[in-house]
Amino acid sequence: MELYLKITYLNDFVFCPLSIYYHQLYGALDERLYYGSSQLDGKAAHEAIDAHRYSNHKSILQGIDVYSDEYNLCGKIDIFDTEKGLLTERKKHIETIYDGYIFQLYAQCVGLREMGYDVRQIRFYSSDDNKVYPQKLPEENPELFRKFKETNGRMQFFEPAAYIPSSAAKCRRCIYNDFCDRPLAPKAYRGGS
């Protein structure tokens, strides 16, 4: 039996490989226990797509499942315009386009292509400021596509017990810092009254 990893894990893995482990461990809990306001805002921004309310145009696919046998990944796309061959990943707010974001977009692109769709353009859309950020297709950016493949390979065979964090700054921003058994930053106190 093939086990697919979620496309969203690529961004998490780039940030901190342990975050995937903690997400699985705490994922069944109420997200308000560990999500920060930016994660909750991002989830709310996807509600129209998840409910298929973004568009009723026949050429717009929204929130469909995609799979890549080649890269052992699965997930959902946000929006794909079949007429334009345009794949759009929506984000609540974009300040910086991180490699992990692009890796997610690449995974969605290759998944759609494996499923027979003609993806000719890829982009990000920032809903807070209504900005569009076109990106190069994987074949147009061989260096970043190589990094995508290497990162996915490491993620597919990741051993949590062997991982040692290396960035205190990332630990400070991690939503799982309070739950992590090896943070490099002090844990925040979340106590009540």
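Keep in mind it's a predicted model, so treat the numbers as computed, not measured. (Residues numbered from 1 in each chain as written. Predicted model: local features only at pLDDT ≥ 70, side-chain atom pairs only at ≥ 80, totals over all residues. Heavy atoms only, no water.)

1. Considering helix α6 (residues 142-156)
Right, so step 1: The terminal C-alpha atoms of α6 lie 21 Å apart, and with 15 residues this matches the ideal 21 Å at 1.5 Å per residue to within 8%.
Right, so step 2: All of the buried residues in α6 are Leu144, Phe145, Phe148, Thr151, Asn152 and Met155. Buried residues of α6, viewed axially, fall in a sector of 120°; they line one side.
Right, so step 3: Those residues of α6 that are buried are in contact with β1 (5-6), α1 (9-15), α2 (18-26), β4 (73-76) and α5 (99-114). (Helix = DSSP H or I, 4+ residues; strand = E, 2+ residues; numbered from the N terminus. Expected span 1.5 Å × (residues − 1). Buried < 20%, exposed > 50% of the residue type's maximum accessible area, 1.4 Å probe, protein only. Arc of directions from axis to C-beta. Contact = heavy atoms within 4.5 Å.)

2. Concerning the sheet that holds strand β7 (residues 121-126)
Right, so step 1: Strand order in this open sheet of five strands is β2-β5-β6-β7-β8, and the pairing throughout is mixed. Taken across any chain shown, the strands that pair with only one partner, and hence form the sheet edges, are β2 (60-62) and β8 (131-135). For this sheet the average axis-to-axis angle between neighbouring strands, irrespective of direction, equals 25°.
Right, so step 2: Judged from the three bridges that link them, strand β5 (residues 79-81) and strand β6 (residues 86-91) form a sheet pairing that is antiparallel. In the sheet register, Ile79 faces β6, and the bridge partner there is Thr88. (Pairing = 2+ DSSP bridges. Axes fitted to C-alpha atoms, helices over the stretch in contact; angles between N-to-C directions.)

3. Notes on the nonpolar core
Right, so step 1: With 30 residues, the main nonpolar core has Leu73, Leu87, Val119, Ile122 and Phe148 as its most contacted residues.
Right, so step 2: Every element with two or more residues in this core is listed here: α1, α5, β7 and α6.
Right, so step 3: Ranked by residues supplied to this core, first place goes to α5 with nine residues.
Right, so step 4: Formed by eight residues, the second largest nonpolar core is a distinct cluster that contains Tyr22, Tyr26, Cys174 and Ile175. (Core = buried A, V, L, I, M, F, W, Y, C linked by side-chain atoms within 4.5 Å.)

4. A word on the pattern of salt bridges
Right, so step 1: For the coordinates displayed, the defined rule picks out eight salt bridges.
Right, so step 2: We note a salt bridge from Glu89 to Lys91, for which the minimum N-O separation is 3.5 Å. Taken as a pair, Glu89 and Lys91 share a single burial class, namely buried.
Right, so step 3: In this structure, a network of salt bridges that share partners links the residues Glu143, Arg146 and Glu150. (Salt bridge = Lys/Arg side-chain N within 4 Å of Asp/Glu carboxyl O.)

5. Regarding unusual backbone geometry
Note: most peptide bonds trans; most residues except glycine with negative phi.
Right, so step 1: The phi angle at Asn72 is positive, at roughly 60°, despite the residue not being glycine.
Right, so step 2: With respect to the helices and strands, Asn72 occurs in the loop between β3 (65-68) and β4.

6. Here we look at the side chain of Glu89
Right, so step 1: Relative to the helices and strands, Glu89 is located in strand β6.
Right, so step 2: A polar atom in the side chain of Glu89 sits 2.9 Å from the side chain of Gln108. (Polar contact = N/O pair within 3.5 Å; in protein donor to acceptor, adjacent residues only side chain to side chain.)

7. Overview of the pairing of β3
Right, so step 1: Of the two faces of β3, only one is covered, namely that formed by Val66 and Ser68; the face formed by Asp65 and Tyr67 stays uncovered.
Right, so step 2: Bridge analysis of β3 against β4 gives four bridges, and the strand direction is antiparallel. Opposite Asp65, over in β4, you have Lys76 as the bridge partner.
Right, so step 3: Hairpin geometry of β3 and β4 is characterised by an intervening segment of four residues between the two adjacent antiparallel strands and by a positive phi of about 60° at Asn72.

8. Topic: the confidence of the model for the chain
A low pLDDT means the predicted coordinates there should not be read in detail.
Right, so step 1: Of all residues in the chain, 79% have pLDDT values of 70 or greater, and the mean over the chain is 84.
Right, so step 2: Confidence drops under pLDDT 50 across residues 189-193; counting only partners more than four residues distant or on other chains, this segment forms three contacts. (pLDDT = per-residue confidence, 0-100.)

9. Re the packing of α5 against α6
Geometry of a packed helix pair, given as the angle between the helix axes and the separation of the axes.
Right, so step 1: At a minimum axis distance of 10 Å, the contact between α5 and α6 shows a crossing angle of 85°. Accordingly, the angle class assigned to the pair α5 and α6 is roughly perpendicular. In contact with Asp99, Ile102, Phe103, Tyr106, Ala107 and Val110 of α5, α6 contributes Leu144, Phe145, Lys147, Phe148 and Thr151. (Parallel < 35°, antiparallel > 145°, perpendicular 65-115°, else oblique.)

10. A closer look at the pairing of β6
Right, so step 1: The buried fraction of β6 amounts to six of the six residues, a majority that puts the element mostly inside the structure.
Right, so step 2: Of the two faces of β6, the one carrying Leu86, Thr88 and Arg90 and the one carrying Leu87, Glu89 and Lys91 are both buried.
Right, so step 3: Adjacent in sequence and paired antiparallel, β5 and β6 are bridged by four residues, among which Gly85 carries a positive phi angle near 65°.
Right, so step 4: Taken together, the six bridges between β6 and β7 define a ladder with parallel strand orientation. Paired with Leu86 across the strands is Gln121, a residue of β7.
Right, so step 5: Of the crossover connections in this fold, the one passing from β6 over α5 to the parallel β7 is right-handed. (Right-handed = clockwise from strand over helix to strand, strands pointing away.)

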